[in-house]
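# Remarks on the overall topology
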Amino acid sequence: MAKADLAEAEWVEARDALAAALRCGWGLLKAGGSALDAVEAAVVVLEDSPHFNAGHGAALNAVGEHELDASIMSGAMLEAGAVAGARRTRNPVRAARAVLEEGNCVMLIGPAADAFAGRRGLDLVEQTYFTTARRSDSLAVMKAHEQAGTFEGATEAEKHGTVGAVALDGVGHLAAATSTGGYTNKPEGRVGDSPVIGAGTYARDGVCAVSGTGQGELFIRHVLGHEIASRMAYLGEPLEVAANRVVLEDLRPHGIGAGAIALDAKGSIVAPYNTDGMFRGWVTPDGDLSVASHGEVFLLERLT
Ligand code: ASP
């Protein structure tokens, strides 16, 4: 995302939301909670923030509606849950977690996903809850690009903004979660990488946890999360080498904006991206909380 895409106050607010998500996840981990609980809770905070393309503030599709995708994975037994094309579930990552807990399928789609969320006692909302002025404007801009045949000129902020979290807990379990509205002006019914286990989200104990953002079709084709884990497991590459290879090199010929956050079993954290900027933040095992959007990293506080 180019600096010019947002006003300074919006960058600050978005970084504040990131910090709130990190505090929330850290608080659970500190209290002995699982990595799975931590990533779900962190993503809920980001879904509730209007600054990201997930939950409240999600992108609008080509017919001016929200179709939300989310997934969550536990590295322990490779349990996973996902929803795709949800239209009424306030926090899609919670529905994904409920799918994981139910255990009889990995992905639910469309109205059935919303109905399932309702049966599990999750909040259902009207579509208008998800819509922000910024997303409506982005849709208008993207429609104009479409008319003019200038899609390439659209900024990353107009197109993207998926949220994700990865965590390692005190007993060594890894987890990952991702939630998105997809990209602005996406075709109705289109499902991206975020709910596809192995593509936008992947976690495997002893190896790594990954959540990605970028043009989902290519993440599915490159099986991004699983590819990073595979390079580590089969080639013995360190996390940074594997993640950089997949995000910065394998995707390069496609010329898309791409990024990922990833964490290995030792607690190494990486967040490679090939755009001007990408929101990211982390808490080290010592409790140091940092957030960033571009090159500058803000070390905000030491959590206890
Ligand atoms: N990966 C998301 C998708 O393709 C979009 C994004 O990350 O911006 O649905």
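Residues numbered from 1 in each chain as written. Predicted model: local features only at pLDDT ≥ 70, side-chain atom pairs only at ≥ 80, totals over all residues. Heavy atoms only, no water.

### With respect to helix α2 (residues 35-48)
For clarity, the cut-off: Secondary structure elements are taken from DSSP: a helix is a run of H or I of four residues or more, a strand is a run of E of two residues or more, and numbering for both begins at the N terminus. Multiplying 1.5 Å by the residue count of a helix minus one yields the expected span of that helix. Each residue gets one of three labels from its accessible area relative to the maximum for its type: buried under 20%, exposed over 50%, partly exposed in between, using a 1.4 Å probe on protein chains only. Note on definitions: a residue-residue contact is assigned when non-hydrogen atoms from the two residues lie within 4.5 Å.
With 14 residues, α2 extends 20 Å from end C-alpha to end C-alpha; this agrees with the ideal 20 Å at 1.5 Å per step. With respect to burial, α2 is a largely interior element, 11 of its 14 residues being buried. Along α2, the residues that are buried comprise Ala-35, Leu-36, Ala-38, Val-39, Glu-40, Ala-41, Ala-42, Val-43, Val-44, Leu-46 and Glu-47. Buried residues belonging to α2 abut α1 (8-30), β1 (68-74), α3 (92-102), β4 (163-168) and β5 (174-180).

### Here's the deal with the sheet that holds strand β3 (residues 107-109)
Worth spelling out the cut-off: Pairing between strands is defined by DSSP: at least two bridges between the two strands are required. Angles shown run from 0 to 180 degrees and are taken between the N-to-C directions of axes, each axis being a line fitted to C-alpha atoms and, for helices, limited to the stretch in contact.
With mixed pairing, the five strands of this open sheet are ordered in space as β3-β2-β1-β5-β4. Both outer strands of the open sheet, β3 and β4, are each paired with one neighbouring strand and no more. Across this sheet, the average inter-strand angle for adjacent strands is 5 degrees, counted without regard to direction. Here six bridges tie β1 to β5, and the two strands are oriented antiparallel to one another. Following the sheet pairing, Asp-69 is matched in β5 by Thr-180. Of the strands in this sheet, β1, β4 and β5 touch α2, which is tilted by about 155 degrees from β4. Packed on one face of the sheet, helix α4 (residues 110-119) meets β2 (80-86) and β3 and runs near 110 degrees to β3.

### Considerations on the pattern of salt bridges
Selection criterion: Should a side-chain nitrogen of Lys or Arg be within 4 Å of a carboxyl oxygen of Asp or Glu, the pair is scored as a salt bridge.
Scanning the model with the defined rule gives 15 salt bridges in all. The salt bridge partner of Arg-97 is Glu-40, with a shortest N-O separation of 2.8 Å. Here the residue Arg-97 occupies a position in helix α3, and Glu-40 occupies one in helix α2, the gap between them amounting to 57 residues. Like Glu-40, Arg-97 is buried. Residues Asp-250 and Arg-245 are paired through a salt bridge, measuring 2.8 Å at the closest nitrogen-oxygen approach. With a relative accessible area of 32%, Arg-245 lands in the partly exposed category.

### Examining the pairing of strand β11 (residues 288-292)
A large share of β11 lies buried, amounting to five of its five residues. Of the pairings in the sheet, the one linking strand β10 (residues 280-283) to β11 comprises four bridges and is antiparallel in character. Paired with Arg-280 across the two strands is Ala-292, which belongs to β11. Following β10, the chain reverses through four residues before pairing antiparallel with β11; Gly-287 in that reversal takes a positive phi of roughly 100 degrees. Two elements, β11 and strand β12 (residues 297-302), share five bridges in a ladder whose sense is antiparallel. Along β12, the bridge assignment pairs Asp-288 with Arg-302. Counting the residues between successive antiparallel strands, the hairpin from β11 to β12 contains four residues.

### Examining unusual backbone geometry
Even without a glycine there, the phi angle at Asn-185 is positive, about 70 degrees. Here Asn-185 shows up in the loop between β5 and β6 (201-204). Assessed through its relative accessible area of 11%, Asn-185 is described here as buried. One non-glycine residue with positive phi stands out, namely Val-223, at about 45 degrees. Looking at the element boundaries, Val-223 is found in the loop between α7 (216-222) and α8 (224-235).

### Comments concerning α1
Taking 1.5 Å as the rise per residue, α1 with 23 residues should run 33 Å; its terminal C-alpha atoms sit 32 Å apart, in good agreement. Buried within α1 are the following residues: Trp-11, Ala-14, Arg-15, Ala-17, Leu-18, Ala-19, Ala-21, Leu-22, Gly-25 and Trp-26. Here the buried face of α1 lies against α2, β10, β11 and β12. Just downstream of α1 lies Gly-32, where phi reads positive at about 90 degrees.

### Quick word on the packing of aromatic side chains
Selection criterion: Paired rings are identified among Phe, Tyr and Trp, the last through its six-membered ring, by centres lying within 6.5 Å, and are further divided according to the angle between planes into stacked (under 30 degrees), edge-to-face (over 60) and tilted (the rest).
Summed over all chains, the structure comprises three aromatic pairs. Aromatic side chains Trp-11 and Phe-279 sit 5.3 Å apart centroid to centroid with 50 degrees between the ring planes, which places their arrangement in the tilted category. One end of the pair, Trp-11, is in helix α1; the other, Phe-279, is in the loop between β9 (269-270) and β10, with 268 residues separating them in the sequence. On the basis of relative accessible area, Trp-11 is assigned to the buried category, the value being 1%. By relative accessible area, Phe-279 is classed as buried at 15%. Pairing Tyr-129 with Phe-130 gives two aromatic rings, centres 5.3 Å apart and planes at 70 degrees, and the pair type is edge-to-face. A relative accessible area of 0% means that Phe-130 is categorised as buried.

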